[in-house]
Amino acid sequence: MKNLSLLGSTGSIGQSTLSLCESYPDRFRPIALAAGSNVEVAFAQCERWRPELISMATEELADELTKRLVGAGIGGVDVVYGTAGTVRAATLAGADFVVSAIVGVAGLEATYAAVLSGKTVGLANKECLVAAGDLILAAAREHNVDLLPIDSEHNAIHQCLRGGTAAEVKQIWLTASGGPFRNTPMEEFERITPAQALKHPTWVMGQRITIDSATMLNKGLEIIEACRLFNLPPERVKVTVHPQSTIHSLVEYIDGSILAQISVTDMRLPILYALSWPERIAVEGKTPLTFDLGALSQLDFQQPDMARFPCLRLAYEAAGASQNHCIALNASDEIAVEAFLGGTLSFNGIARTIERVLALTPSGSPASIREVLAVDAQSRDLARQVVASTL
Ligand code: NAD
Ligand code: MG
């Protein structure tokens, strides 16, 4: 039995993870949850799973949840809140495995704390690797911690890397669906609405990552995530647009062999791989995760169009510039996406905001998580100013 701490339990990855706990009750049990701000769902999760501890985003939300639990006669759940609460969830003594699935840099401190306390970590939260990948990887080496990627592309690469040694890898290929605007005329981009951008062709995910997929900044973050996880320079991390999202990524070896990972477009598969690693668990009869090879008719690959998707170019530039630029890339995007969803920034304004913030960011390499968070906060302020100046 693996006891899980699930950070971001009310989100898309969080709920997929809990669905696996339902399917495999004798293998995985959530004992700590960090649930953010959805009290309704947090309450239902406490009712179902009776975790030892649950963290809410704020004290008010924690009080509200406590009242609901008392009213329903549910005891034994320690309700905590804020970053300190998330850190407690991530480091709970009885937890063996931490699923890091809070969205954004909000998940950084807890993920880092989980590594420091020696927990195995399944990483969905790519933003923490973009902002502080070097620090997290160094801590993982020092504490002998396994970091298992849940992001589907990196999970695919992790699987394909079982086929050779690091010295035998020529480069890796991240696949990208191209998002909903792969074929939209560029003159229409300025008028793209949040409702249009929130319709992803192949994946159902949280709001921010869905918008990031539409701008392809998500692939940009994934390039940096891959550089950190697999210790590769950006020029050895390539992107290919593969609209079917059937191949989740590929590893090209020096002998010319390319290994690809194919599976259904369902995040439960990479989550299950991470949770059960180094084993593989049979899914037949449990979850419909088997892939029908007979139904596969076509696999297309295209070069990504950097003019159409400037966020991809900006991510390569940030990766080649400095760690401060990677932090600024993510932070400015978090602000820009929020403004786009709130109707105060155009779709093209997202890339323009990031480009402006990157241009104003001095090179640097923070030596601690505290320094990372300081650069993150400065970048957010800058991004807010840039957004306000375009109103
Ligand atoms: P989501 O928006 O559905 O869920 C986010 C979760 O984070 C929620 O539980 C929310 O309550 C919590 N949260 C947000 N701010 C918080 C805060 N300040 N404190 C505590 N909790 C907070 O997002 P998602 O789609 O599940 O994505 C989660 C992470 O996984 C992201 O980093 C995303 O890039 C990554 N990811 C998601 C998918 C996917 O298919 N959804 C695929 C690959 C990677
Ligand atoms: Mg991905």
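Residues numbered from 1 in each chain as written. Chains lettered and ligands numbered in written order. Predicted model: local features only at pLDDT ≥ 70, side-chain atom pairs only at ≥ 80, totals over all residues. Heavy atoms only, no water.

1. Re the nonpolar core
Point 1. Ile172 and Leu329 are the most contacted members of the largest nonpolar core, which has 87 residues in total.
Point 2. Here the element with the most residues in this core is helix α6 (residues 126–142); it accounts for ten residues.
Point 3. Of the domains in this structure, domain 1 (2–149) and domain 2 (154–321) are the two that each give at least three residues to this core.
Point 4. For leucine 329, the residues in contact, after removing those within four places along its chain, are Leu217, Leu221, Ile224, Leu314, Ala315, Ala318, Ile354 and Leu358. (Core = buried A, V, L, I, M, F, W, Y, C linked by side-chain atoms within 4.5 Å. Buried < 20%, exposed > 50% of the residue type's maximum accessible area, 1.4 Å probe, protein only. Helix = DSSP H or I, 4+ residues; strand = E, 2+ residues; numbered from the N terminus. Domains from an automatic or database assignment. Contact = heavy atoms within 4.5 Å.)

2. Focus: helix α13 (residues 323–341)
Point 1. The end-to-end C-alpha distance of α13, which contains 19 residues, comes to 27 Å, matching closely the 27 Å that a straight helix rising 1.5 Å per residue would cover.
Point 2. Taking burial as the measure, the 19 residues of α13 include 17 buried ones, the bulk of the element.
Point 3. For α13, the side-chain oxygen to backbone nitrogen distance between the N-cap and asparagine 324 is 3.3 Å, and the N-cap itself is serine 322.
Point 4. Glycine 343 sits one or two positions beyond α13 and adopts a positive phi of about 85°. (Expected span 1.5 Å × (residues − 1). Polar contact = N/O pair within 3.5 Å; in protein donor to acceptor, adjacent residues only side chain to side chain.)

3. Here we look at the coordination of the magnesium ion (ligand 2)
Point 1. Each protein donor to the magnesium ion (ligand 2) is listed here as Asp151 (OD), Glu153 (OE) and Glu222 (OE); together their distances run 2.0 to 2.2 Å.
Point 2. Mapped onto the polypeptide sequence, the residues donating to the magnesium ion (ligand 2) form the spacing pattern D-x1-E-x68-E. Both residues of the pair, aspartate 151 and glutamate 153, belong to the buried class. (Donors = N, O, S within 2.8 Å, 3.2 Å for Na, K, Ca; no water.)

4. Focus on the pattern of salt bridges
Point 1. Counted under the stated rule, the structure contains 22 salt bridges.
Point 2. Notably, a salt bridge pairs aspartate 212 with arginine 208, separated by 3.1 Å at the nearest N-O pair. Taken together, the residues span about one helical turn, with aspartate 212 and arginine 208 both in helix α9 (residues 207–215) at a distance of four residues. Judged on exposure class, the residue aspartate 212 and its partner arginine 208 are both buried.
Point 3. The shortest N-O distance in the salt bridge between arginine 380 and glutamate 334 comes to 3.0 Å. (Salt bridge = Lys/Arg side-chain N within 4 Å of Asp/Glu carboxyl O.)

5. Notes on unusual backbone geometry
Point 1. Omega for the peptide link from tryptophan 277 to proline 278 comes to 5°, which places this bond in the cis form.
Point 2. Looking at the element boundaries, proline 278 is found in the loop between α11 (268–276) and α12 (310–321).
Point 3. Backbone geometry places asparagine 144, a non-glycine residue, at a positive phi of 55°.
Point 4. Structurally, asparagine 144 is set in the loop between α6 and β7 (147–149).
Point 5. The exposed category is assigned to asparagine 144, whose relative accessible area is 71%.
Point 6. Of note, the phi angle at serine 245 is positive, near 50°, even though the residue is not glycine.

6. With respect to the domain arrangement of the chain
Point 1. The domain architecture assigned to the chain consists of domain 1 (2–149) and domain 2 (154–321).
Point 2. Domain 1 and domain 2 are separated by 25 Å when their C-alpha centres are compared.
Point 3. Counting residues at the interface gives 26 residues for domain 1 and 30 residues for domain 2.
Point 4. With both sides pooled, the region where domain 1 packs onto domain 2 buries about 2,500 Å², and carbon together with sulfur makes up 68% of that total.
Point 5. Considering only the surface of domain 1 that becomes buried against domain 2, Tyr24, Lys126 and Pro149 emerge as the three largest contributors, covering 27% of it.
Point 6. Between domain 1 and domain 2 we count four salt bridges in total.
Point 7. Between glutamate 127 and arginine 208 there is a salt bridge, with the nearest N and O atoms lying 3.1 Å from each other. (Buried area = accessible area lost by both parts, 1.4 Å probe.)

7. Digging into the site of ligand 1
Point 1. Close to ligand 1 lie 22 residues; Thr10, Ser12, Ile13, Glu127 and Gly206 are nearest.
Point 2. One of the backbone N or O atoms of glycine 11 is found 3.0 Å from an oxygen atom in ligand 1.
Point 3. One of the side-chain nitrogen or oxygen atoms of glutamate 127 is found 2.6 Å away from an oxygen atom of ligand 1.
Point 4. In the complex, 83% of the free accessible area of ligand 1, which totals 830 Å², lies under the protein chains.
Point 5. Breaking the shell around ligand 1 down by element, the ones donating at least two residues are α1 (12–23), β2 (28–36) and α6.
Point 6. Residue composition of the shell around ligand 1, by class: ten nonpolar, nine polar and three charged. (Near = heavy atom within 4 Å. Areas by Shrake-Rupley, 256 points an atom, 1.4 Å probe, with all protein chains shown as cover. Nonpolar A, V, L, I, M, F, W, Y, C, P; charged D, E, K, R; others polar.)

8. As for a nonpolar patch on the surface
Point 1. A contiguous nonpolar patch, built from Ile262, Phe291 and Leu293 and spanning about 260 Å² of accessible area, is present on the exposed surface.
Point 2. Mapped onto the fold, isoleucine 262 is located in strand β11 (residues 258–262).
Point 3. Exposure remark for isoleucine 262: the relative accessible area of 36% places this residue in the partly exposed category. (Patch = residues over 30% accessible without salt bridge, like charges linked within 9 Å, V, L, I, M, F, W, Y side chains within 5 Å.)

9. A short note on the sheet that holds strand β6 (residues 120–123)
Point 1. Spatially, seven strands are ordered β4-β3-β2-β1-β5-β6-β7 in an open sheet, and the strand pairing comes out parallel. Single-partner strands in this sheet number two, and they are β4 (78–81) and β7. This sheet shows a mean twist of 20° between the axes of neighbouring strands, independent of strand direction.
Point 2. Taken together, the three bridges between β6 and β7 define a ladder with parallel strand orientation. Residue pairing for β7: leucine 123 is matched across the bridge by proline 149.
Point 3. Seen against the sheet, helix α2 (residues 39–49) touches β2 and β3 (53–56) and runs at an angle of roughly 175° to β3.
Point 4. Here helix α5 (residues 108–116) sits on the sheet and contacts β1 (2–7), β5 (97–100), β6 and β7; the angle it forms with β6, its principal contact strand, is near 150°. (Pairing = 2+ DSSP bridges. Axes fitted to C-alpha atoms, helices over the stretch in contact; angles between N-to-C directions.)

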